[in-house]
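Residue strings, one per chain:
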Amino acid sequence: AVVSTQSTGSISMETGTAEYKVALELELWKDIHVREMEKILEKRENELVEKISNSYRQHFAALNAEIEGSKKTCDKLVTDYTSRLSSIEKKEKMLNNNLLNFQS
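Residues numbered from 1 in each chain as written. Predicted model: local features only at pLDDT ≥ 70, side-chain atom pairs only at ≥ 80, totals over all residues. Heavy atoms only, no water.

## Some thoughts on the overall build of the protein chain
- Across its full length, the protein chain holds one helix and zero strands.
- Considering the protein chain as a whole, with its 104 residues, one finds that 2% of them fall into the buried category. (Helix = DSSP H or I, 4+ residues; strand = E, 2+ residues; numbered from the N terminus. Buried < 20%, exposed > 50% of the residue type's maximum accessible area, 1.4 Å probe, protein only.)

Set out below in structure tokens:
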């Protein structure tokens, strides 16, 4: 293939072919470079996603532990207050029985 130029009007097929090969090699190099950069970016993106995921897992694990601790505390309080209420109700019954026995 003859490639035209501004100075001579045309150049030889060998020169044109060499320039074409250089252009092809440059395009190939650009394609390879772009693919390498895409791989690097994808790797970095995956690393960031993993870091963020791990951070959220740790955060939610800590929150779940806190919630579980709060649930246990609440359950203990409910048990304690239920026990106290039961004890008060027993004492109230006993006092009412004593009062009825005293009145009769």
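## A closer look at the packing of aromatic side chains
- Scanning all chains against the criterion turns up one aromatic pair.
- Look at Tyr 56 and Phe 60: their rings are 6.1 Å apart centre to centre, the planes differ by 20°, and that puts the pair in the stacked class. Placement of both Tyr 56 and Phe 60 in helix 1 (residues 13-103) is noted, with a separation of four residues, approximately one turn of the helix.
- Classification of Tyr 56 as partly exposed rests on a relative accessible area of 48%. (Phe/Tyr/Trp six-rings, centres within 6.5 Å; stacked < 30°, edge-to-face > 60°.)

## Considering the confidence of the model for the protein chain
- Mean pLDDT for the protein chain: 86, with 85% of residues reaching 70 or above.
- Scored below 50 in pLDDT, residues 1-11 shows 13 contacts in the model against residues more than four places distant or in partner chains. (pLDDT = per-residue confidence, 0-100. Contact = heavy atoms within 4.5 Å.)

## Description of the pattern of salt bridges
- Evaluation of the coordinates by the stated rule reveals four salt bridges.
- Note that Glu 27 is salt-bridged to Lys 30, the shortest N-O span being 3.1 Å. With Glu 27 and Lys 30 both in helix 1 and three residues apart, the pair spans about one turn of that helix.
- Taking the relative accessible area as the measure of exposure, Glu 27 reaches 40% and is therefore partly exposed.
- The class for Lys 30 is partly exposed, based on a relative accessible area of 37%. (Salt bridge = Lys/Arg side-chain N within 4 Å of Asp/Glu carboxyl O.)

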